Amino acid sequence: MRTGRAMPSGAASTAAAFLLLLATLLRQAPASAFVTPSTARRAVGRHHDGGLTRGDGGSPSRLRSSDPAQIDGPLSILTKSRESDRSNDLMLGEDAGAYDFDDESWGELGESGWLTFFAAVATILTAVAVLWIYPPTGYGDDFVNFLENDVAHGNPHLVTLAFGIIFPIVHSGLASLRPLGEKIVGARIWRVIFAFPSLCLAFSWIVYFISHAHDGIQFYDIRSIGWVHSLAWVTNFLSFLFLYPSVYNLKEVAAVEKPKVHLWETGVIRITRHPQYVGQVMWSAAHLAMVGTSFTALTMALLIGHHYFACWNGDRRLEDQYGEDFLKIKERTSVVPFKAIVEGRQVLPPDYWKELVRAPLVLISVGTIGAYFAHPFMQAGAALSTNTG
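One structure accompanies this document, and this report is about it. (Residues numbered from 1 in each chain as written. Predicted model: local features only at pLDDT ≥ 70, side-chain atom pairs only at ≥ 80, totals over all residues. Heavy atoms only, no water.)

Structural notes on the overall build of the protein
Scanning the protein for helices and strands turns up 16 helices and 2 strands. In the protein, buried positions account for 50% of the 389 residues. In the protein, once contacts between residues fewer than 6 apart in sequence are set aside, the share between residues at least 24 apart is 78%. Only carbon and sulfur atoms are counted for the fraction: they give 66% of the accessible area of the protein, which is about 17600 Å². (Helix = DSSP H or I, 4+ residues; strand = E, 2+ residues; numbered from the N terminus. Buried < 20%, exposed > 50% of the residue type's maximum accessible area, 1.4 Å probe, protein only. Contact = heavy atoms within 4.5 Å. Areas by Shrake-Rupley, 256 points an atom, 1.4 Å probe, with all protein chains shown as cover.)

Structure, rendered in structure tokens:
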């Protein structure tokens with residue numbers, strides 16, 4: 001039972017905490033991404049036809065009704081993605097990031113439209129705020145206090161180590177239990193069961209990291225060197241372009257559309273089969289360059305270690321789901337960026353740019369720039385959450 005503790009500037013703290021939660025959604029993958037509009041995915045190949053749901057829910061309430069042929073100029077590629085030359089592909093996987101704005105609709109509440117999406121997002125964020133973030137009613141601060149005082153005895157390195165053990169067990173563990181869980185409660189309910197604890201733990205870990213990033217041994221401090229900051233910024237920006245394509249469909253992430261295990265063959269998958277891992281390495285390297293402390297080094301190592309494990313676990317799950325089809329795509333791709341291309345196992349189409357200049361990636365870019373400028377608010381939110389909890 002909660003004790004109803006008073007919290008100074010409670011509304012401001014909660015608002016700032018939501019900024020951190022949005023950053024958590026942006027970085028965490030697949031079940032916790034909040035960065036792009038729904039992608040109208042088109043399945044290709046003999047095994048993937050007919051298994052996808054449309055985002056309009058059958059509703060006549062469209063976001064916009066226009067003839068694609070009437071859309072001129074460079075922005076037309078953002079309203080409807082263009083197919084690249086896939087003559088050299090196996091045509092066993094889906095086209096990553098394919099998007100058609102005319103397929104989108106608001107829909108009625110309860111249908112698979114954007115109205116239901118925003119209602120679902122508002123519900124889960126409210127649940128996270130009330131049950132985890134807001135100190136008088138949530139248990140997030142109690143959990144962190146338990147780690148700090150009862151487990152780590154005031155050592156922040158041990159706290160982040162505990163997070164680095166607990167989060168992968170929960171996140172990857174629930175992902176691995178997905179086939180069994182979906183049989184019991186269904187795909188949508190299991191997505192909520194998977195997402196809620198992952199969001200809560202990720203939020204608390206991010207808040208703790210921001211608050212203690214400069215703890216421990218200071219190995220170096222090169223923040224004042226201009227080119228280091230610029231290189232770190234560019235690396236951090238590019239890291240968010242290495243997101244797994246399943247993140248692109250927010251309706252599926254929010255369980256408005258039925259969540260599925262997708263087999264992708266195009267886009268960033270041509271460069272690396274595990275873009276989330278590559279992006280995490282880049283993000284961690286950029287932050288470690290700017291904050292050269294032992295605490296930050298340990299936290300970055302834990303994050304990279306978890307994503308490295310996810311490479312193996314993700315391949316295992318895809319092989320279980322798709323069998324020989326996945327193994328054929330695996331042979332043509334690599335974990336190390338560009339390795340399969342250099343070795344000749346992957347051939348980029350002559351118009352590969354069409355797979356990259358798509359609405360989801362453009363919006364991710366805009367969101368990443370916005371997140372950079374929101375860093376002061378994230379830091380303020382972390383301070384409020386830590387000091388007033």
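From this point, things continue past the structure.
Quick notes on the pattern of salt bridges
Pairing is possible between side chains of opposite charge, provided their charged atoms come close. Summed over the entire model, instances satisfying the criterion amount to 12 salt bridges. We note a salt bridge from D95 to R358, for which the minimum N-O separation is 3.1 Å. Here the residue D95 occupies a position in the loop between helix 2 (76-79) and helix 3 (114-133), and R358 occupies one in the loop between helix 14 (353-356) and helix 15 (359-373), the gap between them amounting to 263 residues. Residue D95 shares its accessibility class with R358, and that shared class is buried. (Salt bridge = Lys/Arg side-chain N within 4 Å of Asp/Glu carboxyl O.)

Structural notes on the nonpolar core
V159, F163, W205, Y208 and I364 are the most contacted members of the largest nonpolar core, which has 29 residues in total. Breaking this core down by element, the ones donating at least two residues are helix 4 (140-151), helix 5 (156-176), helix 7 (187-212), helix 8 (226-239), helix 10 (275-290), helix 11 (294-322) and helix 15. The leading source of residues in this core is helix 7, at 5 residues. Once residues lying within four places of it in the same chain are set aside, the contact partners of V159 are L147, E148, A152 and Y208. Counting residues in hydrophobic clusters, the runner-up holds 10 residues, among them A96, W264, I269 and Y322. (Core = buried A, V, L, I, M, F, W, Y, C linked by side-chain atoms within 4.5 Å.)

Some details on empty space enclosed by the protein
Take a probe with the size of a water molecule and roll it over the atoms, and the empty space left behind shows itself. Applying the stated rule across the entire model yields 7 cavities of 30 Å³ or more. If you add up the space inside the second largest cavity, you get close to 60 Å³. Forming the boundary of the second largest cavity are N88, D89, L90, E265, R270, I329, R332, T333 and Q346. Classifying every residue of the lining of the second largest cavity gives 2 nonpolar, 3 polar and 4 charged. (1 Å grid on protein atoms, 1.4 Å probe; cavity = no way out; pocket = protein on both sides within 12 Å on 5 of 7 lines; lining within 4 Å. Points joined across faces, edges and corners; volume = space filled by probe spheres on them. Nonpolar A, V, L, I, M, F, W, Y, C, P; charged D, E, K, R; others polar.)

A word on a nonpolar patch on the surface
Nonpolar side chains collect at one region of the surface, where L177, L180, I184, V185, I189 and I193 lie side by side and expose about 530 Å² of accessible area between them. Looking at the nonpolar patch, the elements with two or more residues in it are helix 6 (178-185) and helix 7. By residue number, the principal contributor to the nonpolar patch is helix 6, which donates 3 residues. (Patch = residues over 30% accessible without salt bridge, like charges linked within 9 Å, V, L, I, M, F, W, Y side chains within 5 Å.)

Focus on unusual backbone geometry
Positive phi, close to 65°, is recorded for A255, a residue that is not glycine. Locating A255 in the fold gives a position in the loop between helix 9 (250-253) and helix 10. Of note in this structure, F338 is not a glycine but carries a positive phi near 70°. Tracing the backbone through its elements, the reader meets F338 in the loop between helix 12 (324-331) and helix 13 (339-342). Classification of F338 as partly exposed rests on a relative accessible area of 43%.

A short note on the environment of Y208
With respect to the helices and strands, Y208 occurs in helix 7. Separated by 64 residues in the primary sequence, Y208 and V144 have C-alpha atoms spaced 8.4 Å apart.

What about the packing of helix 11 against helix 12?
Running from N to C, helix 11 and helix 12 cross one another at 135°; their axes reach a closest spacing of 6 Å. Our classification of the angle between helix 11 and helix 12 gives oblique. Each of D315, L318, E319 and Y322 in helix 11 lies in contact with helix 12, whose residues at this interface are E324, D325, F326, L327 and K330. Here the contact of helix 11 with helix 12 is built from residues that sort into 4 nonpolar, no polar and 5 charged. (Axes fitted to C-alpha atoms, helices over the stretch in contact; angles between N-to-C directions. Parallel < 35°, antiparallel > 145°, perpendicular 65-115°, else oblique.)

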